[in-house]
Amino acid sequence: MSEAVVQTTDPELRERILHGIGELLPRVLKRELPEIPQDACLFDDLGLTSAGTIELILELEESLDIQVDVEQITEDDLRSVTRLADYVAGHVIPEG
């Protein structure tokens, strides 16, 4: 019995990713953050760098025990917290 590849994002996973980003961003940025608006721009509003982006994704993978395909990530996917969560949720590499 083979499993079909699902292209839609799992809302529960996306919610866990959003929560994870909120928890990990202060550690990656090495500073306290007030409430992070989901539409906050990762670079302009929060000061995330390219290296910080990689660190954030690696930390997300570790904390949520997932693996993310980052081959196709674009600058647009990094524009906001929600865009990043959408990308990660949609590009989890299935185990197996």
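Note that the structure is a prediction, hence the values are computed from the model and not measured.

**Some remarks on the overall build of the protein**
Then comes step 1: Counting its secondary structure elements, the protein contains 3 helices and 0 strands.
Then comes step 2: The C-alpha radius of gyration computed for the protein amounts to 13 Å, which stays within 12% of the reference 12 Å derived for 96 residues, consistent with globular compactness.
Then comes step 3: Over its C-alpha atoms, taken along the principal directions, the protein stretches across nearly 50 × 25 × 20 Å.
Then comes step 4: The burial tally for the protein puts 38% of its 96 residues in the buried class.
Then comes step 5: Residue pairs at least 24 apart in sequence account for 59% of intrachain contacts in the protein once pairs closer than 6 positions are excluded.
Then comes step 6: As presented, the protein carries roughly 6500 Å² of accessible surface, and 50% of it is formed by carbon and sulfur atoms.
Then comes step 7: Placing the 7 positive and 22 negative side-chain charges of the protein at their respective mean positions leaves the two points 5 Å apart.

**Some details on the confidence of the model for the protein**
Then comes step 1: For the protein, the mean per-residue pLDDT works out to 89, and 91% of the residues sit at or above 70.
Then comes step 2: With pLDDT under 50 throughout, residues 1-7 is counted as low confidence; its partners more than four residues away or in other chains account for 0 contacts.

**Details of helix H2 (residues 50-64)**
Then comes step 1: For H2, spanning 15 residues, the distance from its first C-alpha to its last is 21 Å, which sits close to the expected 21 Å at 1.5 Å a residue.
Then comes step 2: If you follow the buried residues of H2, they end up packed against helix H1 (11-29) and helix H3 (81-90).
Then comes step 3: Count one or two residues on from H2 and you reach aspartate 65, which has phi positive near 55°.

**Some words on the packing of H1 against H2**
Then comes step 1: Running from N to C, H1 and H2 point in directions that differ by 130°, and their axes come no closer than 9 Å. Considering their axes alone, H1 and H2 lie oblique with respect to each other. The interaxial crossing formed by H1 with H2 has right-handed handedness. Together, Arg16, Ile17, Gly20, Ile21, Leu24, Leu25, Arg27 and Val28 of H1 and Gly52, Glu55, Leu56, Glu59, Leu60, Ser63 and Leu64 of H2 make up the contact between the two elements.
Then comes step 2: For the contact of H1 with H2, the per-class residue count stands at 8 nonpolar, 3 polar and 4 charged.

Thresholds, definitions, all that
- Residues numbered from 1 in each chain as written.
- Predicted model: local features only at pLDDT ≥ 70, side-chain atom pairs only at ≥ 80, totals over all residues.
- Heavy atoms only, no water.
- Helix = DSSP H or I, 4+ residues; strand = E, 2+ residues; numbered from the N terminus.
- Rg over C-alpha atoms; globule rule 2.2 N^0.38 Å.
- Buried < 20%, exposed > 50% of the residue type's maximum accessible area, 1.4 Å probe, protein only.
- Contact = heavy atoms within 4.5 Å.
- Areas by Shrake-Rupley, 256 points an atom, 1.4 Å probe, with all protein chains shown as cover.
- Lys, Arg positive; Asp, Glu negative; His and termini not counted.
- Charge placed at Lys NZ, Arg CZ, Asp CG, Glu CD.
- pLDDT = per-residue confidence, 0-100.
- Expected span 1.5 Å × (residues − 1).
- Axes fitted to C-alpha atoms, helices over the stretch in contact; angles between N-to-C directions.
- Parallel < 35°, antiparallel > 145°, perpendicular 65-115°, else oblique.
- Left-handed = near helix turned anticlockwise from the far one by under 90°.
- Nonpolar A, V, L, I, M, F, W, Y, C, P; charged D, E, K, R; others polar.

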